Amino acid sequence: MLSLHKTVRKYFGEAIVVTQEVEDIISSPIVKESIINNSDCKILLDQRKYLNKFDSIQNLLGLTDKERSQILSINMANHPGRKYKEVFFSLGGTQSAVYATEVSLEEYYTFTTEESEKMELFALADKLGGNLELAIKRLAESKRNPQSSTT
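This one's a predicted model, so the numbers in the text were calculated from it and none came from an experiment.

Draft legend 1. Broad picture of the packing of helix H4 (residues 54-61) against helix H5 (residues 65-72). The N-to-C vectors of H4 and H5 enclose an angle of 125 degrees; their axes lie 11 Å apart at closest approach. With respect to H5, the axis of H4 lies oblique. H5 is crossed by H4, and the crossing has right-handed handedness. Where H4 approaches H5, its residues Phe54, Asp55 and Gln58 are matched on the opposing element by Asp65, Arg68, Ile71 and Leu72. Of the residues that constitute the contact of H4 with H5, the class distribution is 3 nonpolar, 1 polar and 3 charged.

Draft legend 2. Representation of the packing of aromatic side chains within the structure. Taken as a whole and judged by the stated rule, the model has 2 aromatic pairs. Taken together, a centroid distance of 5.8 Å and an interplanar angle of 65 degrees make the contact between Phe89 and Tyr99 edge-to-face. With Phe89 in strand S2 (residues 85-91) and Tyr99 in strand S3 (residues 95-101), this pair connects stretches of sequence that are 10 residues apart. Overall, the relative accessible area of 29% leaves Phe89 in the partly exposed class. Since its relative accessible area comes to 48%, Tyr99 is described here as partly exposed.

Draft legend 3. Inspection of the sheet that holds S3 at higher detail. The antiparallel open sheet is built from 3 strands, whose spatial order is S1-S2-S3. Each end of this open sheet is capped by a strand with a single partner; those strands are strand S1 (41-44) and S3. Pairs of neighbouring strands in the sheet enclose a mean axial angle of 20 degrees, with direction left out of account. Both S1 and S2 contribute to a ladder of 4 bridges, which runs antiparallel. Following the sheet pairing, Lys42 is matched in S2 by Ser90. On the sheet, H5 packs against S1, S2 and S3 and is oriented at approximately 10 degrees with respect to S3.

Draft legend 4. Highlighting helix H7 (residues 115-127). Counted at 1.5 Å a residue, the expected span for H7 with its 13 residues is 18 Å, and the 18 Å between its end C-alpha atoms agrees. Within the span of H7, buried status applies to Glu117, Leu121, Leu124 and Ala125. End-on, the buried residues of H7 take up no more than an arc of 105 degrees, which puts them together on one face. Residues of H7 that are exposed and point over 90 degrees away from its buried face: Ser116, Met119, Asp126 and Lys127. Of the surrounding elements, those touching the buried residues of H7 are helix H6 (105-111) and helix H8 (132-144). Following H7 by one or two positions, Gly129 adopts a phi angle in the positive range, close to 70 degrees.

Definitions and cut-offs
Residues numbered from 1 in each chain as written. Predicted model: local features only at pLDDT ≥ 70, side-chain atom pairs only at ≥ 80, totals over all residues. Heavy atoms only, no water. Axes fitted to C-alpha atoms, helices over the stretch in contact; angles between N-to-C directions. Helix = DSSP H or I, 4+ residues; strand = E, 2+ residues; numbered from the N terminus. Parallel < 35°, antiparallel > 145°, perpendicular 65-115°, else oblique. Left-handed = near helix turned anticlockwise from the far one by under 90°. Contact = heavy atoms within 4.5 Å. Nonpolar A, V, L, I, M, F, W, Y, C, P; charged D, E, K, R; others polar. Phe/Tyr/Trp six-rings, centres within 6.5 Å; stacked < 30°, edge-to-face > 60°. Buried < 20%, exposed > 50% of the residue type's maximum accessible area, 1.4 Å probe, protein only. Pairing = 2+ DSSP bridges. Expected span 1.5 Å × (residues − 1). Arc of directions from axis to C-beta.

Function cannot be read off these values alone, since they describe shape.
Right under this line is the structure:
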């Protein structure tokens with residue numbers, strides 16, 4: 001793993017590691033050494049569930065206090081009328097920012113995991129003869145223009 005990361009950097013590439021659990025990376029000293037110490041770009045999503053462990057995560061990732069406050073602010077004051085998630089980016093420890101990631105309503109309803117939204121979508125698809133693509137388009141349109149009908 002360490003050799004891979006060093007070789008990729010040697011040729012001006014960047015290896016990408018994606019995990020939902022920080023423990024996956026930090027539980028192995030070899031993985032931790034090869035990934036964390038050779039990663040200039042760090043992208044983090046909401047870390048509130050790690051709030052009690054965040055001191056160790058901050059030390060592990062080499063985050064500044066400014067970066068820590070940026071990360072812990074993610075999704076804390078989102079605009080109530082918009083559906084988006086915030087993402088933290090740190091580039092080489094010199095630049096960092098939190099950005100909103102917003103997709104079209106069609107993309108949002110395609111990948112939603114909210115049970116009530118999925119049920120609404122599937123009920124509409126049933127009314128449309130099982131056409132999920134059309135149901136997504138109609139549902140998105142009905143949310144953009146509440147006075148229009150979804151059928």
